[in-house]
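Observations on the three-dimensional arrangement
Chain residues, written in single-letter form:
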Amino acid sequence: MVIKVKGNEGDYIVKNSTTIVQYKKDNNGRKTGKSILHIIVDSIENNEDRILIQKNIRKFY
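Being a predicted model, the structure only gives us computed values, none of them experimental.

A word on the overall build of the chain
Each helix and strand counted, the chain has one helix and four strands in total. Going from the N terminus to the C terminus, the chain shows its helices and strands as β-β-β-β-α. Since a compact globule built from 61 residues should have a radius of gyration of about 10 Å, the 11 Å found for the chain is in line with a globular shape. For the C-alpha atoms alone, the extent of the chain along its principal axes is close to 30 × 20 × 15 Å. Expressed as a percentage of its 61 residues, the buried residues of the chain come to 33%. Once local pairs closer than 6 in sequence are excluded, the contacts in the chain between residues at least 24 apart make up 31%. Carbon and sulfur atoms make up 49% of the accessible area of the chain, which amounts to about 4,300 Å² in all. Distance between charge centroids for the chain: 7 Å, based on 12 positive and 7 negative side chains.

Below, the structure is given as structure tokens:
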């Protein structure tokens, strides 16, 4: 199951609890073409996004 979440600092694709891909956005909300692979939720820099991802992981996994 794949979860798609829109956060403050980008769009997140959660493939499982240890594979989270963040697609970065600029200040205007456009994708920058950069992405970050997070192995753990704690590596997400934005606190609001981190909490949002944690809630979605708990709900579905």
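Now, onward.
Examining a nonpolar patch on the surface
Together, Met1, Phe60 and Tyr61 line one region of the surface with nonpolar side chains, adding up to about 340 Å² of accessible area. For Tyr61, the position within the fold is in the segment after α1 (47–60). According to the relative accessible area criterion, Tyr61 is partly exposed, its value standing at 41%.

Details of the pattern of salt bridges
Applying the stated criterion to the full structure yields five salt bridges. Ionic pairing is found between Asp11 and Lys6, a salt bridge with its closest N-O pair at 4.0 Å. What makes Lys6 exposed here is its relative accessible area of 65%. Close ionic contact of Lys31 with Asp11 constitutes a salt bridge, the shortest N to O distance being 3.9 Å. You can see Lys31 sitting in strand β4 (residues 31–38) and its partner Asp11 sitting in strand β2 (residues 10–16), a full 20 residues away along the chain. Relative accessible area serves as the criterion here: at 12%, Asp11 is assigned to the buried category. Through salt bridges with shared partners, a single network forms among Lys6, Asp11, Lys25 and Lys31.

What counts, and where the lines are drawn
Residues numbered from 1 in each chain as written. Predicted model: local features only at pLDDT ≥ 70, side-chain atom pairs only at ≥ 80, totals over all residues. Heavy atoms only, no water. Helix = DSSP H or I, 4+ residues; strand = E, 2+ residues; numbered from the N terminus. Rg over C-alpha atoms; globule rule 2.2 N^0.38 Å. Buried < 20%, exposed > 50% of the residue type's maximum accessible area, 1.4 Å probe, protein only. Contact = heavy atoms within 4.5 Å. Areas by Shrake-Rupley, 256 points an atom, 1.4 Å probe, with all protein chains shown as cover. Lys, Arg positive; Asp, Glu negative; His and termini not counted. Charge placed at Lys NZ, Arg CZ, Asp CG, Glu CD. Patch = residues over 30% accessible without salt bridge, like charges linked within 9 Å, V, L, I, M, F, W, Y side chains within 5 Å. Salt bridge = Lys/Arg side-chain N within 4 Å of Asp/Glu carboxyl O.

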